[in-house]
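# Breakdown of the fold
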Amino acid sequence: MSIEITDTGGRAALVELTRGVAGGPARVGIRIASPAGGADWSCTPATARALAAALVRAAEETEDAQSARPVTVKAHELLRGDVRDTDRAMTVVSVKAVGSTVQVTWTSGAGRSWTQGYAPDTEIALRRRLRPETR
């Protein structure tokens, strides 16, 4: 898998991710290549997951910081990816109408998930609203 990123000067670099060699220790290979040079790194699968989680948290914090103010929506209008306006990140995983209740499954930044029932017209304050182009 390859992902293009930029350095602080706006120059493009390519991050290439590979799995370890068959028969060898379980490692994830990371190569960063740019016109100025390259660097090769590797880590365990657990460290790769921790890095991915840290990147997701940093992305959420960056997007949250750009939000002008929280928006309030009714429970039945929640979308997958919406982030609740609380002191800890709570992201909508799914929304399902069950009779006169809206069942919302949330996940926390720590990876825990739970389902809560709301009346459809319950106002929920969101830190970040899913943008239509990201659906």
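Scroll up for the structure.
Described below are features of the structure shown in this document. Keep in mind it's a predicted model, so treat the numbers as computed, not measured. (Residues numbered from 1 in each chain as written. Predicted model: local features only at pLDDT ≥ 70, side-chain atom pairs only at ≥ 80, totals over all residues. Heavy atoms only, no water.)

On the surface, Met1, Ile3, Ile5, Ile32 and Trp41 cluster together into a nonpolar patch covering about 520 Å² of accessible area. Summarising the element assignment, Ile3 is placed in strand β1 (residues 2-6). Ile3 gets classed as partly exposed once you look at its relative accessible area, which sits at 38%. (Patch = residues over 30% accessible without salt bridge, like charges linked within 9 Å, V, L, I, M, F, W, Y side chains within 5 Å. Areas by Shrake-Rupley, 256 points an atom, 1.4 Å probe, with all protein chains shown as cover. Salt bridge = Lys/Arg side-chain N within 4 Å of Asp/Glu carboxyl O. Helix = DSSP H or I, 4+ residues; strand = E, 2+ residues; numbered from the N terminus. Buried < 20%, exposed > 50% of the residue type's maximum accessible area, 1.4 Å probe, protein only.)

To continue, consider the environment of Trp106. Mapped onto the fold, Trp106 is located in strand β8 (residues 101-108). Classification of Trp106 as buried rests on a relative accessible area of 0%. With 26 residues separating them in the primary sequence, Trp106 and Arg80 have C-alpha atoms 9.3 Å apart. With residues near it in sequence (within four places) discarded, Trp106 still touches Leu78, Arg84, Met90, Thr91, Val92, Val93, Arg112, Ser113, Trp114, Gln116, Tyr118 and Ile124. (Contact = heavy atoms within 4.5 Å.)

Before going further, it helps to examine the pairing of strand β9 (residues 113-118). Sheet analysis places β8 next to β9, joined by 6 bridges and oriented antiparallel. Residue pairing for β9: Thr107 is matched across the bridge by Ser113. Between β8 and β9, which pair antiparallel and follow one another directly, the connecting turn spans 4 residues, one of which, Gly111, has a positive phi of 95 degrees. (Pairing = 2+ DSSP bridges.)

Quick look at the sheet that holds β1 now. The strand order across the open sheet built from 4 strands is β1-β2-β3-β4, with neighbouring strands paired in antiparallel fashion. In the strand order of this sheet, the two ends are held by β1 and β4 (37-43), each with one partner. Between one strand and the next, the sheet's axes are offset by a mean angle of 20 degrees, whatever the strand orientation. Note: β1 against strand β2 (residues 12-19), 5 bridges, orientation antiparallel. Within β2, the position partnered with Ile5 by the bridge is Ala13. (Axes fitted to C-alpha atoms, helices over the stretch in contact; angles between N-to-C directions.)

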